[in-house]
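A look at the structure
If you want the building blocks of each chain, they are given just below.
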Amino acid sequence: MKHIKGLLAVSVLFLISLLPLGWAQRLGSALGRKMARGESKLARVTRKNIEICFPELDSSQRETLAISSLEQTGCSAGEMGMSWMWKPERVLKKITEVHNEDVLEDALAKKRGVIIIAPHLGNWEVLGLYLSNKYKMTTMYRPPKIEMMDRLTRKKRERMGAKLAPANVKGVRMTMKALKSGSLVGILPDQEADRGSGVFVPFFGVEAYTMKLLPQLAAQTGAEVITAFAKRLPDGEGFEIYFNKADSAIGSKDMDVSARAMNAEVESCVRQIPEQYQWEYRRFDYRPEGEAKIY
């Protein structure tokens, strides 16, 4: 069954890769609107996350953001054919502007290694391709359960020279080695940590079980920390990439301080384009003892 699911997924990626970017995005957006009209699990989670993270919005504003978020999530799905199946040079031509890259280059020049905080915001596959095309890079990832998809993920994300490090002990060793050599390490920091490997700190004012790994790497290696995301432009126009120097408190040995600083940096990125964040993810699933379930 997993093999069949893998074949189906690859086939869908191939088919949508035949579409121009604007058409693929419109198809994905239409699927997102369809989800918003129904009572799907993704729609329910999206609305709940937006409700608790944006208490300052009224119900009409929250619903508008939820629909827009689901449309943008559909766009992300529609872009996977482009991100993975197009030739890299063709994908890179869709990047129209890069902001503040000097921040990244200055950090790399210090030769202490650089950690890229890359939230699930905009198109992180385009960001990864851009970075791996220009810099020596190691990226942490969670291997898909379907072996065929794992092979495809590795092939496509490593095609410009990046190394993928699985989210396990072996992967941590790979990232430590990369940072000590002065290289770039990319981590998506906004997934719920495995039990025992995180700490509860606020994210949009809500306690979220947050990874300790990224702050620990920063503290142990002295690496600079940079935030980055690829903003989706309307009507298939492409993407703009943004870099920003993160709060040095992320490198604190106090895990509460460092994790809070990291979540604050992610939140700062998200607030710039909140509709392009992956609100469909159950970010607040695990709760502090005594708290009621959110979902």
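Residues numbered from 1 in each chain as written. Predicted model: local features only at pLDDT ≥ 70, side-chain atom pairs only at ≥ 80, totals over all residues. Heavy atoms only, no water.

Comments concerning the sheet that holds strand E8 (residues 224-232)
Two orientations exist for strands paired in a sheet by backbone hydrogen bonds: parallel and antiparallel. Read across the sheet, 7 strands follow the order E1-E9-E8-E2-E5-E3-E4 without closing on themselves; strand pairing throughout is mixed. Where the open sheet ends on each side, the last strands, each with one partner, are strand E1 (95-99) and strand E4 (163-166). If you compare each strand with its neighbour and ignore which way they point, the axes differ by 25° on average. The sheet strands contacting helix H8 (residues 147-157) are strand E3 (137-141) and E4, and the helix crosses E3 at an angle near 155°. (Pairing = 2+ DSSP bridges. Helix = DSSP H or I, 4+ residues; strand = E, 2+ residues; numbered from the N terminus. Axes fitted to C-alpha atoms, helices over the stretch in contact; angles between N-to-C directions. Contact = heavy atoms within 4.5 Å.)

Overview of the pattern of salt bridges
Applying the stated criterion across every chain, the model contains 17 salt bridges. Across the pair Arg142 and Asp194 runs a salt bridge whose closest N-O atoms are separated by 4.0 Å. On the criterion of sequence distance, the pair formed by Arg142 in the loop between E3 and H8 and Asp194 in the loop between strand E5 (184-187) and strand E6 (198-203) is long-range, its members being 52 residues apart. In this structure Arg142 comes out as partly exposed when scored by relative accessible area, which is 41%. Arg271 serves as the salt-bridge partner of Glu267, at 3.0 Å between the closest nitrogen and oxygen. Of the two residues, Glu267 and Arg271 both sit in helix H11 (residues 255-272), 4 residues apart, roughly one turn of that helix. Among the residues examined, Glu267 registers a relative accessible area of 19% and is labelled buried. Arg271 gets classed as partly exposed once you look at its relative accessible area, which sits at 40%. (Salt bridge = Lys/Arg side-chain N within 4 Å of Asp/Glu carboxyl O. Buried < 20%, exposed > 50% of the residue type's maximum accessible area, 1.4 Å probe, protein only.)

A word on the packing of aromatic side chains
Taken as a whole and assessed by the stated rule, the structure comprises 11 aromatic pairs. On the numbers, 5.0 Å between centres and 50° between planes, the contact of Phe200 with Tyr209 is tilted. Given the relative accessible area of 21%, Phe200 is considered partly exposed. Both rings, one in Tyr277 and one in Trp279, keep their centres 4.9 Å apart while their planes meet at 80°; by these two values the pair is edge-to-face. An identical accessibility class is assigned to Tyr277 and Trp279; each is buried. Aromatic rings pair up to connect Phe54, Phe203, Phe204, Tyr277, Trp279 and Phe284 into one cluster. Over the ring of Trp86 we find Arg90; its NZ or CZ atom is 3.5 Å from the centre of that ring. The positively charged end of Arg283 is found above the aromatic ring belonging to Phe203, 5.9 Å away from the centroid. (Phe/Tyr/Trp six-rings, centres within 6.5 Å; stacked < 30°, edge-to-face > 60°. Lys NZ or Arg CZ within 6 Å of the ring centre and 35° of its normal.)

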